[in-house]
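Residue-level structural notes
Here is what each chain is made of, one letter per residue.
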Amino acid sequence: MTNAVTNPKTREWQAMSREHHLAPFSDYQQLHEKGPRIITKADGVYLWDSEGHKILDGMAGLWCVAVGYGGEELVEAAAAQMRELPFYNTFFQTAHPPALELAKAIADVAPQGMNHVFFTGSGSEGNDTMLRMVRHYWACKGQPNKKVIISRHNGYHGSTVAGASLGGMKYMHEQGDLPIPGIVHIPQPYWFGEGGDMSPEEFGVWAADQLEKKILEVGEDNVAAFIAEPIQGAGGVIIPPETYWPRIREILAKYDILFVADEVICGFGRTGEWFGSDFYGNKPDLMTIAKGLTSGYVPMGGLIVSDKVFQVINAGGDFNHGFTYSGHPVAAAVGLANLRILKEEKILEKVREETAPYLQKRLRELADHPLVGEVRGVGMLGAIELAKNKQTRERFPSEMGVGMICRGHCFENGLIMRAVGDTMIIAPPLVISKDEIDELVEKARKCLDLTARGVLV
Ligand code: PMP
């Protein structure tokens with residue numbers, strides 16, 4: 001596969017990109033010099049670009065296409081709903097069957113005691129909703145000073161003002177004066193990158209203890225909530241050391257603050273359980289969802305709310321918040337069909353018992369590669385750390401852009417792996433087969449070889 005453009009339509013689309021389209025998270029000059037790759041169709045775990053190249057999608061779109069591409073049932077569910085009721089809102093004491101049935105279906109798979117759903121159009125909006133709801137919750141309880149949300153450096157919670165503030169991405173904070181007041185960050189449990197001389201177990205406890213330190217610094221009476229992804233996705237598939245979540249649970253039990261799990265990536269089967277919180281045995285008060293909820297076929301997000309939080313806001317009068325597309329009937333119909341497929345086709349069971357253990361075993365075979373410092377993963381999530389020195393975990397200078405070089409080789413060789421700095425990450429569709437996993441790992445090894453040739457002396 002090469003970058004050469006032979007299809008005149010590709011050139012036309014690239015001109016449209018240059019002249020009219022502002023893509024997310026892009027350096028426009030750089031993008032326009034090369035032109036974006038134009039993805040035109042997809043089936044199963046594969047994409048095709050406008051030059052006819054077939055690409056194995058190791059990222060499930062953007063962590064979302066859980067049931068794979070080409071799901072006719074989802075297409076039919078959307079079409080049928082569009083014919084019946086393409087839109088109506090859920091404001092002003094109205095509702096429609098798809099939103100109600102989906103809220104129930106989500107409550108059925110959510111952890112015990114989490115029975116209420118507020119729908120949004122995206123994960124970012126889910127986190128905005130969370131911020132407003134937790135502050136409203138404390139105000140209803142007569143503790144309006146409890147406003148501060150504790151989050152983590154290098155966490156990702158979206159791109160709206162609240163989402164980007166909750167997130168701990170420095171490069172996002174640098175633009176537009178973020179974070180907004182009332183959001184503070186603590187270190188992340190990223191042993192490979194930040195563990196220093198500590199063992200993973202020691203570092204896990206240390207990182208968790210930063211939560212307690214921050215609660216004491218801000219004052220328990222001012223803290224509304226702690227938000228965290230069970231496994232940080234966009235930050236580089238950061239799997240916390242085994243000691244981390246148990247210690248966080250101990251700390252949360254000591255203080256009267258809410259716990260929010262951002263399940264936008266981990267939710268709906270990515271770890272082999274319905275939610276990342278189930279995987280770790282965590283008991284959040286609220287959970288943000290999106291992505292796998294509709295397998296990305298249509299946009300939808302939401303916030304799952306525990307009975308404990310609901311009871312308070314239920315007695316608090318109007319919650320003055322909502323979106324035109326909250327509970328959109330077409331999105332909800334697709335979400336319902338998606339949950340039905342996940343259940344009826346026993347996709348989580350298959351992930352848990354067969355394909356995820358296989359993926360994790362095969363991925364770890366890459367640990368012997370001279371360019372690889374660590375391979376880690378859980379369920380259908382994986383990360384390959386590229387390092388200059390395996391033993392010391394020394395990285396390449398960032399200006400070498402080793403991760404981006406590797407990502408380029410992947411694209412050229414028919415595989416999508418994402419680069420977060422020099423961490424290569426994967427999150428394939430949950431329906432990926434063992435043969436397709438073999439193909440993914442073989443292509444990944446080839447691309448590591450090609451990258452090593454250019455960067456290892
Ligand atoms: N939270 C997490 C954990 C995410 O990974 C993302 C998106 N990658 C979001 C929130 C934001 O979701 P959206 O892009 O749908 O707004």
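For the structure itself, look to the data block above.
Attention in this report is confined to the structure presented alongside it.

Definitions and limits used
- Residues numbered from 1 in each chain as written.
- Predicted model: local features only at pLDDT ≥ 70, side-chain atom pairs only at ≥ 80, totals over all residues.
- Heavy atoms only, no water.
- Core = buried A, V, L, I, M, F, W, Y, C linked by side-chain atoms within 4.5 Å.
- Buried < 20%, exposed > 50% of the residue type's maximum accessible area, 1.4 Å probe, protein only.
- Helix = DSSP H or I, 4+ residues; strand = E, 2+ residues; numbered from the N terminus.
- Contact = heavy atoms within 4.5 Å.
- Expected span 1.5 Å × (residues − 1).
- Axes fitted to C-alpha atoms, helices over the stretch in contact; angles between N-to-C directions.
- Left-handed = near helix turned anticlockwise from the far one by under 90°.
- Nonpolar A, V, L, I, M, F, W, Y, C, P; charged D, E, K, R; others polar.
- Near = heavy atom within 4 Å.
- Polar contact = N/O pair within 3.5 Å; in protein donor to acceptor, adjacent residues only side chain to side chain.
- Areas by Shrake-Rupley, 256 points an atom, 1.4 Å probe, with all protein chains shown as cover.
- Pairing = 2+ DSSP bridges.

**Observations regarding the nonpolar core**
- Counting residues in each nonpolar core, the largest one holds 67 residues, and the members touching the most others are Leu102, Phe275 and Leu342.
- With 9 residues, helix 14 (residues 329-344) is the single largest residue contributor to this core.
- Beyond its immediate sequence surroundings of up to four residues, Phe275 is in contact with Val109, Ala110, Pro111, Glu263, Cys266, Gly267, Phe268, Met287, Ile289 and Ile304.
- Among the nonpolar cores identified, the runner-up in size contains 41 residues, and Ile150, Ala208, Leu211 and Leu252 belong to it.

**Things to note about helix 5 (residues 97-109)**
- End to end, helix 5 covers 19 Å across 13 residues, agreeing with the expected 18 Å (1.5 Å per residue, within 8%).
- Among all positions in helix 5, only Pro98, Ala99, Leu102, Ala105, Ile106, Ala107 and Val109 are buried.
- Structurally, helix 5 contributes buried residues whose contacts are with helix 4 (72-84), strand 4 (114-120), strand 9 (286-289), strand 10 (301-306) and helix 14.

**Observations concerning the packing of helix 6 (residues 123-140) against helix 13 (residues 307-314)**
- Two numbers describe how helix 6 lies on helix 13: the axes approach to 9 Å, and their chain directions differ by 65°. Classified by chirality, the crossing of helix 13 by helix 6 is left-handed. For the pair helix 6 and helix 13, contact is made by Met133, His136, Tyr137 and Cys140 and by Lys308, Val309, Val312 and Ile313, respectively.
- Residues that form the contact of helix 6 with helix 13 fall into these classes: 6 nonpolar, 1 polar and 1 charged.

**Quick notes on the site of the ligand**
- Taken together, Ser122, Gly123, Ser124, Asn127, Tyr156, His157, Gly158, Glu229, Asp262, Val264, Ile265 and Lys291 make up all the residues around the ligand.
- Between the ligand and the protein, one listed contact pairs an oxygen atom with a backbone N or O atom of Gly123 at 3.0 Å.
- Taking Lys291, its side chain carries an N or O atom lying 3.0 Å from a nitrogen atom of the ligand.
- Its free accessible area being 400 Å², the ligand has 83% of it covered by the protein chains.
- Considering each element in turn, the shell around the ligand owes the most residues, 3 residues, to helix 6.

**Here we look at the sheet that holds strand 10**
- Read from one edge of the open sheet, 7 strands run 4-10-9-8-7-5-6, paired in mixed fashion. Both outer strands of the open sheet, strand 4 and strand 6 (183-186), are each paired with one neighbouring strand and no more. This sheet shows a mean twist of 25° between the axes of neighbouring strands, independent of strand direction.
- Both strand 8 (residues 258-262) and strand 9 contribute to a ladder of 3 bridges, which runs parallel. Bridge pairing in strand 9 places Val260 opposite Leu286.
- Sheet strands in contact with helix 5 are strand 4, strand 9 and strand 10, and its direction is about 135° off that of strand 4.
- Strands strand 5 (148-152), strand 7 (223-228) and strand 8 of the sheet are contacted by helix 11 (residues 244-254), whose axis makes an angle of about 170° with strand 7.

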